[in-house]
Structure formats: structure tokens, C-alpha cells
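Spelled out from the first residue to the last, the chains are:
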Amino acid sequence: MQNFSSFTDGSNFKNILIVGEAGIGKTRLVEEFLASFKGCKIIKVNCYAAEESYILKPWGDILNSLGEELKMEDIPKSWKIALSSFFLP
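What you see is a predicted model; the values in this text were computed from it and never measured.

Participant: In this structure, what is going on with the overall build of the protein chain? I would like to understand it.
Facilitator: Per the secondary structure count, the protein chain includes 4 helices and 0 strands. Element order for the protein chain, N to C, with α for helix and β for strand: α-α-α-α. Looking at the protein chain residue by residue over its 89 residues, the buried ones come to 6%. Within the protein chain, contacts between residues separated by at least 24 positions form 21% of all contacts whose residues are at least 6 apart in sequence. Total accessible area computed for the protein chain in this model is approximately 7800 Å², and 60% of it derives from carbon and sulfur atoms.

Participant: I'm lost on helix α3 (residues 57–72) in this one. Help?
Facilitator: Three or four residues apart is the spacing at which side chains of an α-helix point the same way, because the helix has 3.6 residues per turn. Between its first and last C-alpha, α3 extends 24 Å over 16 residues, near the 22 Å set by a 1.5 Å rise per residue. Every buried residue of α3 is listed here: P58, G67 and L70.

Participant: So what exactly am I meant to see when it comes to the pattern of salt bridges here?
Facilitator: For side chains bearing opposite charge, pairing can occur when the charged atoms are close. This model, assessed by the stated rule, comprises 2 salt bridges. For E32, the salt bridge identified is with R28, shortest N-O distance 2.9 Å. Placement of both E32 and R28 in helix α2 (residues 26–35) is noted, with a separation of 4 residues, approximately one turn of the helix. Residue K57 pairs with D61 through a salt bridge whose shortest N-O separation is 2.6 Å. Placement of the pair is K57 and D61 together in helix α3, with a separation of 4 residues, close to one helical turn.

Participant: Just to check I follow, could you spell out a nonpolar patch on the surface for this structure?
Facilitator: A surface patch of nonpolar side chains, amounting to about 270 Å² of accessible area, comprises I16, I18 and L29. Residue placement: L29 occurs in helix α2.

So, how was this worked out
Residues numbered from 1 in each chain as written. Predicted model: local features only at pLDDT ≥ 70, side-chain atom pairs only at ≥ 80, totals over all residues. Heavy atoms only, no water. Helix = DSSP H or I, 4+ residues; strand = E, 2+ residues; numbered from the N terminus. Buried < 20%, exposed > 50% of the residue type's maximum accessible area, 1.4 Å probe, protein only. Contact = heavy atoms within 4.5 Å. Areas by Shrake-Rupley, 256 points an atom, 1.4 Å probe, with all protein chains shown as cover. Expected span 1.5 Å × (residues − 1). Salt bridge = Lys/Arg side-chain N within 4 Å of Asp/Glu carboxyl O. Patch = residues over 30% accessible without salt bridge, like charges linked within 9 Å, V, L, I, M, F, W, Y side chains within 5 Å.

Here's what the structure looks like:
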């Protein structure tokens, strides 16, 4: 609970790894945690056991999501052009 509190108040950021057997509620725990962030943009990616040899696969999903956000945001066109060169193909 201390890690959650320090994350939400912005004082300390840590990675959280949730592991366990199938069916014990890991997905539900993540959904509840993410639901507590009202008004925030959240980029969520999943890592599956079958993809464990593709270590950069989650980053591809993250960058694609950021690219989609750039398309939808109301930001200056010059910023979109500069930023999209990093995130869009």
C-alpha cells in the first residue's frame, strides 16, 4: 500500500510486477488500480508468456499508443510534426 500511495502522490515512482497463478485476480487488481486515476491518460500494454523472447514488443505498443494520442490531441501543428517523427511510422 505504501508503494501505491507514494506513486499517486508523485513522491516516488517504482515499477510494480504482479505475478501469480491463472485466475487469482491479477487482471482485476490492475483494472481497479488504473480506475483510480480519473482524468489521466493511461497507456496500458500486456506482456504474454508467448512473447517473452520479444523484449522490445511492449515498447512498440507504447509508441503506437503515443502516436495515436498525438493524432487526437489539440496541440500546435508544429509540435505534432516534430513529435510524430519520433512515434509515427
